[in-house]
Amino acid sequence: MNQPHNEYQYDTYKPKMSPTWWLKSRRYFMFMMRELSSVFVAGFVLLLLYQIFLLTKGPEVYASFQRSLMTPKFIAFYSVAFVFSVYHTFTWLGVVGRIQIVRIGSYTMPPKIMTASTFVGFFFVSAVIGYIFLR
Amino acid sequence: MSDKTIKIRVTRFRPEEEDEPTEQVYDVPYQDDWVVLDALNYIKDQVDGTLSYRWSCRMGVCGSCGMMINGAPKLTCATFLKDYYPKEIVIQPLANFPIIRDLVVDVDDFMAKLKAVKPWIIREEQKPVEEGEYLQSPQELKDYKQFSQCINCLLCYSACPVYGLEDVFIGPAALALAHRYNMDSRDEGYAQRTVIAASSEGIWECTFIGECSVVCPKHVDPAAAIQRTKVETTNNWYKSFLMPWGDK
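Let me begin by describing the structure that accompanies this report.

Thresholds applied
Residues numbered from 1 in each chain as written. Chains lettered and ligands numbered in written order. Predicted model: local features only at pLDDT ≥ 70, side-chain atom pairs only at ≥ 80, totals over all residues. Heavy atoms only, no water. Helix = DSSP H or I, 4+ residues; strand = E, 2+ residues; numbered from the N terminus. Pairing = 2+ DSSP bridges. Axes fitted to C-alpha atoms, helices over the stretch in contact; angles between N-to-C directions. Contact = heavy atoms within 4.5 Å. Core = buried A, V, L, I, M, F, W, Y, C linked by side-chain atoms within 4.5 Å. Buried < 20%, exposed > 50% of the residue type's maximum accessible area, 1.4 Å probe, protein only. Domains from an automatic or database assignment.

## Structural notes on unusual backbone geometry
Residues and elements named next belong to chain B. Looking along the chain, the bond that leaves Tyr-85 and enters Pro-86 is cis, with omega of 5°. Among the secondary structure elements, Pro-86 is positioned in the loop between β4 (72-75) and β5 (89-92). For Arg-58, which is not glycine, the phi dihedral falls at a positive 70°. One can find Arg-58 in the loop between α1 (36-47) and β3 (66-69). For Leu-154, which is not glycine, the phi dihedral falls at a positive 75°. With respect to the helices and strands, the residue Leu-154 is situated in the loop between α3 (138-145) and α4 (155-159).

## With respect to the sheet that holds β3 of chain B
Strand-to-strand pairing in sheets goes through backbone hydrogen bonds, with the strands running parallel or antiparallel. Residue and element names in this part refer to chain B. Strand order in the open sheet made by the five strands is β2-β1-β5-β3-β4, with mixed pairing throughout. Of all strands in the sheet, those bounded by a partner on one side alone are β2 (22-29) and β4. Neighbour-to-neighbour, the strand axes of this sheet turn through a mean angle of 35°, independent of strand direction. Of the strand pairs in this sheet, strand β1 (residues 5-12) and β5 are connected by three bridges, and their pairing is parallel. Each residue of the ladder has a partner; that of Arg-9, found in β5, is Val-90. Where α1 meets the sheet, it contacts β1, β2, β3 and β5, and its direction lies at approximately 95° from that of β2.

## Concerning the nonpolar core
Residue and element names in this part refer to chain B. With 64 residues, the main nonpolar core has Ile-8, Leu-81, Ile-89, Ile-91 and Tyr-157 as its most contacted residues. There are two domains that each give this core at least three residues, and those are domain 1 (5-105) and domain 2 (108-242). Apart from the residues within four sequence positions on either side, Leu-81 is in contact with Ile-6, Ile-8, Tyr-30, Gln-31, Trp-34, Val-35, Val-36, Ala-39 and Ile-89. Ranked by size, the runner-up nonpolar core spans five residues in total, among them Phe-147, Ala-176, Cys-216 and Val-220.

As structure tokens, this is what we get:
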């Protein structure tokens, strides 16, 4: 375990990170959940693409697949994917103010306003999409 | 001096005697106004002169007394015993770095990375002294001031699991300082720095855990600096792709 140092020839000890490092703090755990959320989002997108592909196979095949999505395992998957998607979205929108600097002339938009604007934009676009597809 | 005592559990590593670190527990007099560094200095002066650790200014400026306190990276000069008393305090060397001796870690890797991002003002041409200073407006100062507060204490590296798992990562402080100089209106070294900062070992290794910014004692927010650099380099790439005739 001891590693000889190249330049001055002294030994060092390099501790190894435990595979469970992400269980040691709530923030690390929530980060891993954010990363895991990508798996569910990817699964949702693949299912959606498959659904679009089935449109080319005729209405009966498509309707049959639609019915299979109404089973408990798919409903459970979509519920988990929805929760993870919302979590992932909120964590990213929440940091926009820290990352995106917007200047109007010599005025710099305060981070809180930037973050709030992003959330307002998100809810507005979601409402418009919801109105178009659910009316 | 108070009759109260507090237990301090310290990592010991004496490479000439042992292959792995061990622990040693010391009873230290408890005082409300003592910080963890005071307790270590008490041990060094009164109990065990062989204990090794780094410290200098005692006021959160030099950045040399960073250690793991009960598992969290902190400056020992800014961490009070009263926040832990009567429970014991566990002091370990900064995580993610090789240990040289007791609480002293090897920071050569960081020093090499810091030098690689050229954290100084680069000018293509220096103007003659008689032409005066390089002037800067308050807004131009504000653009980078937050990132210039870094004291190289390395708490951010210790909190960064990416650096712990992949030590090729240039890391939070060096990237924050690269951003600091890139944002400086007097600087012209963006291209030189970005070769390193935007390499695969640079900003793109960062998965935005954000713990570097949480533990930073100077509120530098290295995570924001890294994400801003990602946005900036991506925008510049698109600009160079769409407008190859434009400024590089």
